[in-house]
Amino acid sequence: MSQPTFKRTHTCGQLRDSHAGQTVTLCGWVNAYRGHGTGLVFIDLRDRYGITQAVFAKDEASAQGVIDQADKLRNEDVVALTGRVRIRDGAPNPKLETGKIEVVVTSLTVLNKTDNPPFLPDDASPLTNEELRLKHRYIDLRRPKMQKILATRHRVTKVVRDYFDENGFLEIETPVLYKSTPEGAREFLVPSRHVPGSWYALPQSPQLFKQILMVSGCDRYMQICRCFRDEDPRADRQSEFSQIDLEMSFVRREDVMEIMEGFVRTLWKKVMGHDVPPLTRMTYREAMERFGIDRPDTRYGLEIKDISSLAAKTDFGVFKDALAKGADRPQFSSKRGVVKAIRVPGGAEKLTRKMTDAYGEFVKGFGAGGLPTVKLNAQGVLETGVAKFVEPIKAELIAALGLQPGDTVLFSFDVYSIATKALGELRQKVAKDMGLVPEWGKQWNFLWVIDFPMFERDKETNRWVAMHHPFTAPRDDQQKAFVDADVNDEETIASIVSAGYDIVLNGSEIAGGSVRIHDQAVQSKVFQLLGLTPQQAQEKFSFLLEALRFGAPPHGGIAFGLDRLIMHLCGTDNIRDVIAFPKTQIGADLLTRAPSPATDDQLKELHVRSTWEPGR
Ligand code: ASP
């Protein structure tokens, strides 16, 4: 028997029929075993690269001692084995890349016996519950699917660095212990030991540092960075996530868009082998009008149509009341009443009463009063309870929506912001229910959304908030209008268009950015509008306002959500799948059990007293 060794000669995914006759050493985990107690044992050995079948056969090379050892192996034991490669005795296994060969083992070293694993890292069986998977993440990550995601993530970051390096960007790290600056989301705070009573914040993004790097003359910056936002739980969010963060000097909107579009196309080509055509562009207004959302999924129809002028001709009370709201406001004012509709082709048959009732409840979640529905049946007759109200405009409605017999129409009525949002959200739900969303990988619809409003009203506080962030500039041709605008002139402020841009892929925002304000006076006006007094603005942002006074070049940038990109590239809608060590929705790391209580001594040293008492 040769000396036991675990110096690998090959990986478990490497051997082919051309290796037949060679003596090899493989290391890995026992993925499966067969034939215990028969004198002929088969082990599937797995590592990151694949699976190889190993045979322990008495009448071949394996000594009895080795077979006895093999007999005791169990799933997930870690072993090294040495043996001879041979063409498989039985039929090749087409599911394995190594499926033509097997290794006849001459020596086996058990490197580590495992405890009984709580689950097996097996992609073929249904997944065990996620809590258990996160608790034993090291087992979960052994699954080939997870290994593939980690490899894709690595590949993406490599393409990112190569592409931006070739285009003259420098990767520059920025601090994680940072100053608390109101940028939108709630921040995580870290107490300072050296300055009692003072706190760092973890950055929501390196936004201000990258702008300051432009003032520093760095010209083109990139960073794959970690961002922290203490947001309320949402299935597709993590409080700690990664961005590909970028900034460029001496640029207009078009310059940033050109480089970033090049990146997206390079990435999809290199990772998916897919040629992305030049990205189409859509204004925010068009997106809202046609799709009711600023990240439209254009892979399917179900477009929204404004039928306010037709609705005004009916005697339907709910339409009339809606249209009376804010009637004196400008056409696209968020507070003006509208009636909008979606045509669902074939809906008369496919959408049951139960479904349309549920849709009615669904839109109420967005503040809408309900969802009147009519069907145009196969005979071309309008059906349902509200049909009588719609009857007088039937011909015009058919023409406006392109209705065919068998279609259903869903109506939304309220002020613009509510009616639009309700249908925008509903549209996505109906598309799923009707099976209109293409399977993953079949269609990649990228587009730019541009010309966002600078500001919107926060529903809860009724204050102006920046639609992107407070450092976003007005679009070139809007600068003067913004500088001249009276901050109390509601409709004018609402109408100012920003120099922001998002990249949307299949209905999800994968990147967002803007040209920035590089003029101190404009920046101060934005702060004023957002309700910061000059003192507050100084307290929070003196470093930015100061930097803007000392030679700030025009600049702009963008950030891609790295986790979301990987989700698209790997075909998962679970963000935790693409992060090696993710947190649960309430920010818990089940593996290390963070967060956890601090000791009294730690707190004392940090000058912090906890007001929390167990059980209260
Ligand atoms: N800092 C921004 C964000 O995190 C992106 C950008 O404007 O570049 O959304």
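Now for a description of the structure that goes with this document. (Residues numbered from 1 in each chain as written. Predicted model: local features only at pLDDT ≥ 70, side-chain atom pairs only at ≥ 80, totals over all residues. Heavy atoms only, no water.)

## So, unusual backbone geometry
Then step 1. Cis peptide bonds are those with omega within 30 degrees of zero, and the linkage from A594 to P595 qualifies with -5°.
Then step 2. Topologically, P595 is positioned in the loop between helix 19 (562–570) and helix 20 (600–605).
Then step 3. Positive phi, close to 75°, is recorded for E76, a residue that is not glycine.
Then step 4. Here E76 lies in the loop between helix 1 (64–71) and strand 4 (78–87).
Then step 5. Even without a glycine there, the phi angle at T384 is positive, about 95°.
Then step 6. Mapped onto the fold, T384 is located in the loop between strand 15 (382–383) and helix 12 (387–390). (Helix = DSSP H or I, 4+ residues; strand = E, 2+ residues; numbered from the N terminus.)

## Looking at the sheet that holds strand 16 (residues 408–415)
Then step 1. The strand order across the open sheet formed by five strands is 12-13-16-14-15, and the pairing between neighbours is antiparallel. Each edge of the sheet is formed by a strand with only one pairing partner; in this case those strands are strand 12 (304–306) and strand 15.
Then step 2. Here strand 12 runs beside strand 13 (residues 337–344); their pairing, made up of three bridges, is antiparallel. When the bridges of strand 13 are listed, I304 appears paired with I342. (Pairing = 2+ DSSP bridges.)

## Details of the site of the ligand
Then step 1. Taken together, 13 residues lie around the ligand, and Q207, K210, H468, H469 and R516 are the ones closest in.
Then step 2. In this structure, an oxygen atom belonging to the ligand sits 2.8 Å away from a side-chain N or O atom of H468.
Then step 3. For the ligand, an oxygen atom lies 3.5 Å from a polar atom in the backbone of I558.
Then step 4. Out of a free accessible area of 270 Å², the ligand has 89% covered by protein chains.
Then step 5. Secondary-structure elements contributing two or more residues to the shell around the ligand are helix 5 (207–215), strand 21 (508–515) and strand 22 (555–561).
Then step 6. For the shell around the ligand, the element with the highest residue contribution is strand 22, accounting for three residues.
Then step 7. A breakdown of the residues in the shell around the ligand according to their chemical character gives two nonpolar, eight polar and three charged. (Near = heavy atom within 4 Å. Polar contact = N/O pair within 3.5 Å; in protein donor to acceptor, adjacent residues only side chain to side chain. Areas by Shrake-Rupley, 256 points an atom, 1.4 Å probe, with all protein chains shown as cover. Nonpolar A, V, L, I, M, F, W, Y, C, P; charged D, E, K, R; others polar.)

## Things to note about the environment of V195
Then step 1. Mapped onto the secondary structure, V195 falls in the loop between strand 7 (189–191) and strand 8 (199–201).
Then step 2. We classify V195 as partly exposed; its relative accessible area is 46%.
Then step 3. As a C-alpha pair, V195 and H607 span 412 residues in sequence and 9.1 Å in three-dimensional space. (Buried < 20%, exposed > 50% of the residue type's maximum accessible area, 1.4 Å probe, protein only.)

## Things to note about the pattern of salt bridges
Then step 1. Counted according to the given criterion, the structure contains 48 salt bridges.
Then step 2. In this structure, the salt-bridge partner of D477 is R475, at a minimum N-O distance of 2.7 Å.
Then step 3. Classification of D477 as exposed rests on a relative accessible area of 52%.
Then step 4. A single salt-bridge network, built from bridges that share partners, covers D123, R133, R137, D140, R143, K145 and D577. (Salt bridge = Lys/Arg side-chain N within 4 Å of Asp/Glu carboxyl O.)

## With respect to the packing of aromatic side chains
Then step 1. A full pass over the atoms with the stated rule returns 22 aromatic pairs.
Then step 2. A centroid spacing of 5.0 Å and a plane angle of 40° characterise the contact between F164 and F263, whose relative ring orientation is tilted. Taken together, the residues F164 in helix 4 (residues 144–166) and F263 in helix 6 (residues 253–272) connect sequence positions 99 residues apart.
Then step 3. For F164, a relative accessible area of 0% corresponds to the buried category.
Then step 4. Cluster of aromatic residues (ring-pair linked, three or more members): Y163, F164, F169, F263 and F560.
Then step 5. The residue whose ring lies beneath R457 is W464, and the NZ or CZ to ring-centre distance is 4.2 Å.
Then step 6. Across the ring face of F482, the terminal group of K525 is positioned such that the distance to the ring centre comes to 5.4 Å. (Phe/Tyr/Trp six-rings, centres within 6.5 Å; stacked < 30°, edge-to-face > 60°. Lys NZ or Arg CZ within 6 Å of the ring centre and 35° of its normal.)

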